[in-house]
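Notes for the structure review
One letter stands for each residue in the lines below.
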Amino acid sequence: MRTGENIFKRKDGRWEARYHKGRTASGKLLYGFCYGKTYSEAKAQMERAKQEYAETAHTVSSAAQASFEDCCDAWLQMNQPRLHASTYVKYQTVLEKHIKPYFGSCYPHEIQSPSVSAFSQYLLNERKLAPKTAKDILLILHSILKYVQKQFPGKTEPIDIIYPK
């Protein structure tokens, strides 16, 4: 095995090439795997897979044109495996009843601190929600905004959220 290539011979006689695909939301590395009968075959497959992945990653990064509603759906789908069914339903309800109707047609880079403050006031004054309920909704919104910042670095700014007491 050459240093730094992550290509090695397996016990079954095949060659395995491993490459970085990206990171999870928690920062853990994700790997892709390619196999071949020879070292050069595994390396060629790895190079093709890396190139294909780079092309699709480029289209995903240009997907910053996606609406905030799409980002909400992606965030919910990403978190679904780690959530209890009841929590998933609660998040889905909060998204459908409160967050998507208010921010759904916006683009992620258009959401700034003043619009989040206006949303907070909207929840408290116009929707007449309890401060605890408004805080729960804002916590979900904050989690989605952090997800968007990780997915599209440099496209969005950090947002300060003032939670109701």
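On a predicted model such as this, the values are computed, not experimentally measured, just so you know. (Residues numbered from 1 in each chain as written. Predicted model: local features only at pLDDT ≥ 70, side-chain atom pairs only at ≥ 80, totals over all residues. Heavy atoms only, no water.)

**So, the nonpolar core**
Stated precisely, the cut-off is as follows: Residues belong to one nonpolar core when they are buried, are Ala, Val, Leu, Ile, Met, Phe, Trp, Tyr or Cys, and are joined through side-chain atoms within 4.5 Å. A simple rule labels every residue: compare its accessible area, found with a 1.4 Å probe on the protein chains alone, to the largest value its type can have, and call it buried under 20%, exposed over 50%, or partly exposed in between. Helix and strand assignments follow DSSP, with helices taken as H or I runs no shorter than four residues and strands as E runs no shorter than two, numbered in order from the N terminus. Contacts are assigned to residue pairs with any non-hydrogen atoms lying within 4.5 Å of each other.
Ranked by internal contacts, the top residues of the largest apolar core, which has 28 residues, are Phe68, Trp75, Ile99, Val116, Phe119, Leu141 and Ile144. Sort the elements by how many residues they give to this core and helix H5 (residues 131-151) lands first, with nine residues. Every residue in contact with Trp75, bar those within four places of it in the chain, is listed here: Tyr91, Leu95, Ile140, Ser143, Ile144 and Tyr147. Counting nine residues, the second largest nonpolar core, distinct from the first, contains Cys34, Tyr39, Met46 and Ala49.

**Focus: helix H4 (residues 113-126)**
For clarity, the cut-off: The span you would expect from a helix comes to 1.5 Å times its residue count less one. The directions considered for the arc run from the helix axis to the C-beta atoms.
Relative to the 20 Å expected for 14 residues at 1.5 Å per residue, H4 spans 19 Å between its end C-alpha atoms, a close match to the ideal helical length. Every buried residue of H4 is accounted for by Val116, Phe119, Ser120 and Leu123. The buried residues of H4 all sit within an arc of 100° when viewed along its axis, so they share a single face. Across H4 from its buried face, at more than 90 degrees, point the exposed residues Pro114 and Glu126. The inward-facing, buried residues of H4 abut helix H3 (85-103) and H5. A positive backbone phi angle near 60° is found at Lys128, which sits one or two residues after H4.

**So, unusual backbone geometry**
A positive phi angle, near 60°, is found at Lys128, a position not held by glycine. Residue position: Lys128 is located in the loop between H4 and H5. Under the relative-accessibility criterion, Lys128 is labelled exposed at 66%.

**Things to note about the pattern of salt bridges**
This is how it is decided: Any Lys or Arg side-chain nitrogen found within 4 Å of a carboxyl oxygen on Asp or Glu counts as a salt bridge.
By the definition in use, this model includes six salt bridges. When the shortest N-O distance is used, the salt bridge between Glu16 and Arg10 registers 3.0 Å. On the accessibility criterion, Arg10 (28% relative accessible area) is partly exposed. Here Lys100 and Asp73 are joined by a salt bridge, their closest N and O atoms 2.4 Å apart. Of this pair, Lys100 sits in helix H3 while Asp73 sits in helix H2 (residues 68-79), and the two are 27 residues apart along the sequence. On the basis of relative accessible area, Lys100 is assigned to the buried category, the value being 11%. For Asp73, a relative accessible area of 31% puts it in the partly exposed group.

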